[in-house]
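Fold and contact review
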Amino acid sequence: MKGFYAKNQTYLFYQLLLLLLTPLVCLFAAGFPPVSWSNALLLAAVLLIGIAGTVFGLVAGLGLSLAVLFVFGSILLWKAFVSSAIFLSPGEIVIWMAAILAAPVVTGMLHKWVATTTAENQEMKDKFDQLVTIDEPTGFDNYKRFLFEMEDEFKRSRRTSAPFTLLLIQVKYFQQFQTLYGAKETLHLLQSLSGVLWNHTRMTDRKFRIADDTFAVILSNTEEENADIVIGKIGGLFKTHVLANQKQAVTLSVAFGVASYDEGLSDAKELVQHANDELEQYIP
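Within each chain, residues carry numbers counting from 1 in the order of the written sequence. The predicted origin of the model limits local features to residues at a pLDDT of at least 70 and limits the giving and counting of side-chain atom pairs to 80 or more, whereas totals for whole chains, interfaces and linings rest on all residues. Side-chain metrics rest on all non-hydrogen atoms present in the structure, leaving aside hydrogens and water.

1. Points about the side chain of threonine 165
Helix numbers and strand numbers start at the N terminus; a helix is a DSSP run of H or I with at least 4 residues, a strand a run of E with at least 2. Its location among the elements puts threonine 165 in strand 1 (residues 164-171). Buried, partly exposed and exposed residues are distinguished by accessible area as a fraction of the type maximum, computed with a 1.4 Å probe on protein chains only: under 20%, between the cut-offs, and over 50%, respectively. The buried category is assigned to threonine 165, whose relative accessible area is 0%. What makes two residues a contact is simply this: any of their non-hydrogen atoms within 4.5 Å. Once residues lying within four places of it in the same chain are set aside, the contact partners of threonine 165 are Val217, Ile218, Leu219, Thr222, Glu223, Glu224, Ala227, Val258, Ala259 and Ser260.

Below, the structure written as structure tokens:
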């Protein structure tokens, strides 16, 4: 039930609004005739059943509907055998009983339709997210694509014995930068850093943004010692960043982690872990 509220608040609001406005529109069309207390109570009961069906579904609406019918029937029997006062005509009794039974069915079906539609939309969104592999701010591939490419490169090296090196680059205190300078400057920072990587690595080197503050580069046909050349080229460029307003330059703290393919490694995940370990232990 909690998930239903979280995902369907807008739909729920419009359904309840429509449910409450419908009797008002009907009364307006009829010129707002005087309504007896008995009809007013039955109308309130039907609306309550409709709200239960809308929010909780068909079963809850039917349960409340049966309870109202039991009370309504008990009152009718009491009026018939104990009291001589007649508060509803036979036609009104039939109409209200039909309304009490119809309210949970209509609103329960609407509830089910909305829940099904929302679930289908969420499923489509999840499938779309799985297909999207591009990090929009940088134009690099994302973490899901990174894992796939690492597996592919690892298998290729195991098959051909060709070397490759994984380079991880982490911008320290990224969250603090985001808090201090805001979304616009953060976007500018990411675009600037990705521009450095585009311009100072080879076209064949695959580039990724694998976390908010972390980039990865798969250096094909590259031994670990050659990765130091890449770090030397981009290290200084990463450390100094000019803000988008061109009025201030800030110094960034950057960490690097490097790991190369080795036949002793069991899989690509182990290689990534080695690079992560070096990233965490990095001392400028």
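Next, the rest of the story.
2. Points about the pattern of salt bridges
Any Lys or Arg side-chain nitrogen located within 4 Å of an Asp or Glu carboxyl oxygen qualifies as a salt bridge. Overall, the coordinates contain 7 salt bridges when judged by the stated rule. For aspartate 135, the salt bridge identified is with arginine 209, shortest N-O distance 3.2 Å. In this pair, aspartate 135 sits in the loop between helix 4 (90-131) and helix 5 (143-160) while arginine 209 sits in strand 2 (residues 206-211), placing the two residues 74 residues apart along the sequence. Here aspartate 135 and arginine 209 have matching classes, each one buried. The partner of arginine 145 in a salt bridge is glutamate 149, and the shortest N-O contact between them spans 3.0 Å. Of this pair, arginine 145 and glutamate 149 both sit in helix 5, 4 residues apart, which is roughly one turn of the helix. Given a relative accessible area of 29%, arginine 145 falls into the partly exposed group. One connected set of salt bridges, linked through shared partners, spans Arg145, Glu149, Glu153, Arg156 and Arg206.

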